[in-house]
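Here's the letter readout for the chains.
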Amino acid sequence: MKRCAECKGKGLCGLPKCPVMQRFYAQTSEKPVSEYMGPAPSVFIGSGNYPKVIGGPLLLREPDIPTDWIAKNLSIDDIVAIRSRTIRGTQPIGSVLEKSQEVALSRRPLDVEAHFVKPIQFGLSFDGTIAPIGLSGQLKKVDVIDNAVVEPAVDRYTSDTDIRATEAVSALHHDGIDVYRITDLLTAGLLGSKRRFVPTRWAITAVDDMVSLHLRKQVERLPPLGDIMIYRSLLHGNHLVILLIPSSDFRFEMIERWQKQSLWGDTGDVVVVDGEGRKKRGYSPIAGAYYSARLAVLEHLALTGRCARALVIRDISGEYWAPLGTWVIREASRQAMRSGGIVAQDLTTAEAMITRLLGSSFWRHQSELIRDVMVQRTFADFF
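Because the structure is predicted, anything quoted here is derived from the model rather than measured.

Visitor: So what exactly am I meant to see when it comes to the packing of aromatic side chains here?
Guide: For the coordinates displayed, the defined rule picks out eight aromatic pairs. An angle of 55 degrees between the planes, with centres 4.8 Å apart, marks the rings of Tyr50 and Trp202 as tilted. Here Trp202 lies in helix 9 (residues 200–219) and Tyr50 lies in the loop between strand 2 (42–45) and strand 3 (54–59), a separation of 152 residues in the sequence. The partly exposed category is assigned to Trp202, whose relative accessible area is 35%. Seen in terms of ring centroids, Trp69 and Trp327 are 5.2 Å apart; in terms of plane orientation they differ by 70 degrees. Their pairing is edge-to-face. With a gap of 258 residues between them, Trp69 in helix 3 (residues 66–71) and Trp327 in helix 11 (residues 327–337) connect regions that are remote in the sequence. Given the relative accessible area of 4%, Trp327 is considered buried. Members of the aromatic cluster, connected to one another through ring pairs, are Phe250, Phe252, Tyr283, Tyr290 and Tyr291. Directly above the aromatic system of Phe362 lies the positively charged group of Arg257, at a separation of 4.1 Å from the ring centroid. If you follow Lys280 out to its NZ or CZ, it ends over the ring of Tyr290, 5.3 Å from the centre.

This is the structure in structure tokens:
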């Protein structure tokens, strides 16, 4: 039997009904309407059959920003209930791109009037990267009946058709525009000199990656961190422990464990490891979570003016029953980095502390970064 990690709602397990989809369906309270009038907080473009994709505004009368969900201390069930009511309006993207761009430009949700070919229906869309969407409907017509409110930085870089997308993304982040807004702008094809729409799932990881690469260049010019530091957070069944080791060059590694019987787990634990030296090679097998965690670590190092090597350990329990998207890892990592941290006297002490925090030593033999640091220090001490 294939694991849920491979299936993700496609029915590969052979069960008559997907347990995750059934639990989402139980939360859905929307009636099968043929019209919608209300806020459109963001846009969504699918990646299937690219470049002939479908997409359009996301229709939702509630907040669509993960930081708002965290500020309100919403549970997984609360978030699932919100996302199960989210309507994905779809049409071939060329026919709704202009309207989608109006929605993406605005820092507050715009009111729209949408008419569907048929009544909306339950059509759960989820994976490990995007926040799940419970409903969908083919758009017959959509009109924006509100005026966009645009931040000066967003107006500046979306109007500049000479700047490259990578530079625009980094500049927007530097000017205080968070990655959620930037992702919407990139998705809707509003950034860069050669503009094109980008499927939402790809845009999420692309923005995390582009901002990280820019921050890494800054961080590697900074002095080393003063102490070995350990940070920790817990969010929706995701236990994160982050180790920073003083260094004059940035290195990154992530170890991810899906515990037995967890969402993407199996009859036993599933552990995935990935890392990078001077350069990341290939797409991470950990997928979007890798890039989200790396972004949070680099944001912290750039803010504190220090360079370090980083190990992120993500331990996922069965409490994380719904795939909420990589925003969980991004925000959990940000929370950890704001936690103040614990100073470790040496690497051996740090290892013992991490094992105690996690309640397991599963991670220790998986870390190549730790092995490299230990060898380098032994070599340096020898001479």
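There is more to say after this.
Visitor: It is not clear to me how the pattern of salt bridges should be interpreted in this structure. Could you clarify?
Guide: Any two side chains of opposite charge can pair, given that their charged atoms come close. Within the structure shown, the criterion is met by 24 salt bridges. One salt bridge connects Asp64 with Arg83, and the closest N-O pair in it is separated by 2.5 Å. Residue Asp64 is located in the loop between strand 3 and helix 3, and its partner Arg83 is located in helix 4 (residues 76–84); the two are separated by 19 residues in the primary sequence. Looking at Arg83, the relative accessible area reads 4%, which means it is buried. With its nearest N and O atoms 2.3 Å apart, the salt bridge here joins Arg294 to Asp209. In this pair, Arg294 is assigned in helix 10 (residues 288–304) and Asp209 in helix 9, connecting sequence segments 85 residues apart. By relative accessible area, Asp209 is classed as partly exposed at 22%.

Visitor: Can you walk me through the layout of surface pockets in this structure?
Guide: Vacant regions in the atomic arrangement are exposed by a probe of water-molecule size rolled over the atoms. Approximately 630 Å³ is the volume found for the second largest pocket. For the second largest pocket, the lining is made up of 34 residues, of which Ser42, Asp64, Ile65, Pro66 and Tyr180 are closest to its centre. Put simply, the parts of the chain that give the lining of the second largest pocket at least two residues each are strand 2, helix 3, helix 8 (179–187), helix 9 and helix 11. Ranked by the residues each element gives to the lining of the second largest pocket, the list is headed by helix 8, at five residues.

Visitor: Any chance you could explain the environment of Leu324 here in plain terms?
Guide: By the element assignment, Leu324 lies in the loop between strand 12 (308–316) and helix 11. Residue classification places Leu324 among the buried residues on the basis of a relative accessible area of 0%. Once you skip the residues sitting within four places of it in the chain, Leu324 turns out to touch Ile76, Ile79, Val80, Ile130, Ala131, Pro132 and His236.

Visitor: Which parts of the structure should I look at to understand the packing of helix 6 (residues 152–159) against helix 7 (residues 165–174)?
Guide: The geometry of a pair of packed helices is captured by two quantities: the angle between their axes and the separation between those axes. Close contact between helix 6 and helix 7 brings their axes to 10 Å; oriented N to C, the two are set at 170 degrees. Taken together, the axes of helix 6 and helix 7 lie roughly antiparallel to each other. Every residue of helix 7 that contacts helix 6 at Ala153, Val154 and Tyr157 is listed here: Ala168, Ala171 and Leu172. When the residues that make up the contact of helix 6 with helix 7 are grouped by side-chain class, the tally is six nonpolar, no polar and no charged.

Visitor: Which parts of the structure should I look at to understand the nonpolar core?
Guide: Across soluble globular proteins, nonpolar side chains have a tendency to be buried as a group. One finds Leu172, Leu244, Phe252, Met254, Val297 and Leu324 to be the most contacted residues of the largest nonpolar core, which totals 90 residues. Sort the elements by how many residues they give to this core and helix 10 lands first, with eight residues. Leave out the neighbours within four places in its chain, and Leu172 touches Ala153, Val154, Tyr157, Ile177, Ile182, Leu185 and Leu191. Counting 19 residues, the second-largest nonpolar core is a separate cluster that includes Ile230, Ile245, Ile313 and Ile354.

The rules behind these values
Residues numbered from 1 in each chain as written. Predicted model: local features only at pLDDT ≥ 70, side-chain atom pairs only at ≥ 80, totals over all residues. Heavy atoms only, no water. Phe/Tyr/Trp six-rings, centres within 6.5 Å; stacked < 30°, edge-to-face > 60°. Helix = DSSP H or I, 4+ residues; strand = E, 2+ residues; numbered from the N terminus. Buried < 20%, exposed > 50% of the residue type's maximum accessible area, 1.4 Å probe, protein only. Lys NZ or Arg CZ within 6 Å of the ring centre and 35° of its normal. Salt bridge = Lys/Arg side-chain N within 4 Å of Asp/Glu carboxyl O. 1 Å grid on protein atoms, 1.4 Å probe; cavity = no way out; pocket = protein on both sides within 12 Å on 5 of 7 lines; lining within 4 Å. Points joined across faces, edges and corners; volume = space filled by probe spheres on them. Contact = heavy atoms within 4.5 Å. Axes fitted to C-alpha atoms, helices over the stretch in contact; angles between N-to-C directions. Parallel < 35°, antiparallel > 145°, perpendicular 65-115°, else oblique. Nonpolar A, V, L, I, M, F, W, Y, C, P; charged D, E, K, R; others polar. Core = buried A, V, L, I, M, F, W, Y, C linked by side-chain atoms within 4.5 Å.

Interpretation note: all reported values are geometric properties and have no functional meaning in isolation.
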